[in-house]
Amino acid sequence: EAKMQGRNGYRFFNPSMNERNTARMRIEVALRKALARNELSLHYQPKVDVELGTIVGAEALLRWQADGEDVYSPEEFIPVAEDCGLIVPIGEWALREACRQAETWTRLYRPLSVSVNVSALQFQHTRFYESLRTVLVETGLHPTLLELELTERTVMEGGDHIAELLRKIKSLGVALSLDDFGTGYCSLSYLKHFPIDILKIDRAFIRDVAWDNDSAAIVGAIVAMGRGMNKQVLAEGVESMEQATFLGAAGCSQMQGFLFGKPMTARDFEERISVVDMGDPTVIQD
Ligand code: C2E
Ligand code: MG
Ligand code: MG
Ligand code: MG
């Protein structure tokens, strides 16, 4: 009996839980201020096609910076933004800003696509589809140059209307990708039912691909499946030439990772596309 109580008591007063909640609340309060102070921005990471030998677009990634320093990483503040609902206005802002930027680059240089991460709460918000259409009209970005990155979880937990929503978005011309593919708990049958265009292989598989047989087999299988289903496949987190070489041989020509460029400011990305356009994308610029 005493033991039980002790255990319950411990659970109730679990200090690490309290610390976590306090940390979350601290981030939430700071995040509200950050929004008002425009401390959120987007960085852009090149997506390359090694067969074409060029940058084909960028993934937009949120940054929270004050005086040029990161305050919190997305892995710290996005879950908090999701919990307190702030992800909806933040996500809308990110979508609009990324589209505006891609339209500018496309006008100044050449067609460049932009990928925007959309979290489950934002995607399931009743306003999402309309706000997406509004952003496309107002920024003038050609819809085929926009890609929305969803997670397996977003697609799976979206309920009955999700297939319909995905189809509506697709009929605008917008591309849909599954982010961190292979790490969620999506059954493969979802790929049959949902109109996903692109599989982004999670970097956990890419990390070990050059020396671990299992990772190599998984990556090879995803690439083959993607091909067979007429989907594009992109490898995330490519850091070494060994990995890039393996992927190229496996038939995966679209890559993203530190080997080709870390997420960078819009200005630095613009310099990349204007200066080394059509150059060797494996030349590390950072
Ligand atoms: P993600 O969408 O899977 O983005 C890829 C993450 O991997 C980014 O981390 C990127 O900086 C990192 N990365 C890229 N290449 C490499 C590499 O070669 N090696 C290693 N070690 N890492 C690499 P980041 O920017 O910290 O973002 C983390 C996550 O936060 C993202 O994962 C995404 O889930 C979320 N996120 C970022 N921006 C947004 C946003 O605007 N909206 C939403 N809902 N989520 C976002
Ligand atoms: Mg992503
Ligand atoms: Mg990812
Ligand atoms: Mg991720």
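Figured I'd write up the structure that's included with this text. (Residues numbered from 1 in each chain as written. Chains lettered and ligands numbered in written order. Predicted model: local features only at pLDDT ≥ 70, side-chain atom pairs only at ≥ 80, totals over all residues. Heavy atoms only, no water.)

Once that is clear, we can look at the packing of aromatic side chains. Under the definition given, this model contains seven aromatic pairs. Ring plane angle 45 degrees and centroid distance 4.7 Å describe the contact between Trp105 and Phe269, whose orientation is recorded as tilted. Of the two residues, Trp105 is situated in helix α4 (residues 87-108) and Phe269 in helix α13 (residues 266-275); the sequence distance between them amounts to 164 residues. Take Phe269: its relative accessible area is 1%, and that puts it in the buried class. Between Phe123 and Phe128, the aromatic rings sit 5.2 Å apart at their centres with planes inclined by 55 degrees, giving tilted as the arrangement. The class of Phe123 is buried, set by a relative accessible area of 1%. Through successive ring pairs, a cluster of aromatic residues spans Tyr44, Trp105 and Phe269. (Phe/Tyr/Trp six-rings, centres within 6.5 Å; stacked < 30°, edge-to-face > 60°. Helix = DSSP H or I, 4+ residues; strand = E, 2+ residues; numbered from the N terminus. Buried < 20%, exposed > 50% of the residue type's maximum accessible area, 1.4 Å probe, protein only.)

Looking at ligand 1, there are 21 residues lining it, with Asn117, Asp179, Arg203, Glu239 and Phe258 nearest. With respect to ligand 1, the side chain of Asp179 contributes an N or O atom lying 2.8 Å from an oxygen atom. At 2.8 Å, a side-chain N or O of Arg203 approaches an oxygen atom of ligand 1. Coverage of ligand 1 by the protein chains reaches 84% of its 800 Å² of free accessible surface. When its residues are assigned to classes, the shell around ligand 1 shows seven nonpolar, five polar and nine charged. (Near = heavy atom within 4 Å. Polar contact = N/O pair within 3.5 Å; in protein donor to acceptor, adjacent residues only side chain to side chain. Areas by Shrake-Rupley, 256 points an atom, 1.4 Å probe, with all protein chains shown as cover. Nonpolar A, V, L, I, M, F, W, Y, C, P; charged D, E, K, R; others polar.)

This next bit is on the coordination of the magnesium ion (ligand 2). For the magnesium ion (ligand 2), the full set of protein donor atoms is Glu59 (OE), Asn117 (OD1), Glu149 (OE) and Asp179 (OD), at a range of 1.9 to 2.2 Å. For the magnesium ion (ligand 2), all donor residues lie on one chain, and their spacing in sequence is E-x57-N-x31-E-x29-D. Between the two metal centres, the magnesium ion (ligand 2) and the magnesium ion (ligand 3), the spacing is 3.9 Å, with Asp179 acting as a shared donor. Taken together, the positions of Glu59 in strand β2 (residues 54-66) and Glu149 in strand β5 (residues 146-151) put the pair 90 residues apart, joining distant regions of the chain. The pair formed by Glu59 and Glu149 is uniform in burial state, with each residue classed as buried. (Donors = N, O, S within 2.8 Å, 3.2 Å for Na, K, Ca; no water.)

Time to look at the environment of Asn117. Summarising the element assignment, Asn117 is placed in strand β4 (residues 113-117). Judged by its relative accessible area of 31%, Asn117 falls in the partly exposed class. Separated by 58 residues in sequence, Asn117 and Glu59 place their C-alpha atoms 8.1 Å apart. Apart from the residues lying within four places of it in its own chain, the contact partners of Asn117 are Glu59, Ala60, Leu61, Gln122, Glu149 and Asp179. Within the local environment of Asn117, its side chain forms a polar contact with the side chain of Glu59, the two groups lying 2.8 Å apart. There is a polar contact of 3.5 Å between the side chain of Asn117 and the backbone oxygen of Ala60. (Contact = heavy atoms within 4.5 Å.)

None of the figures reported here should be taken as evidence of function without further support.
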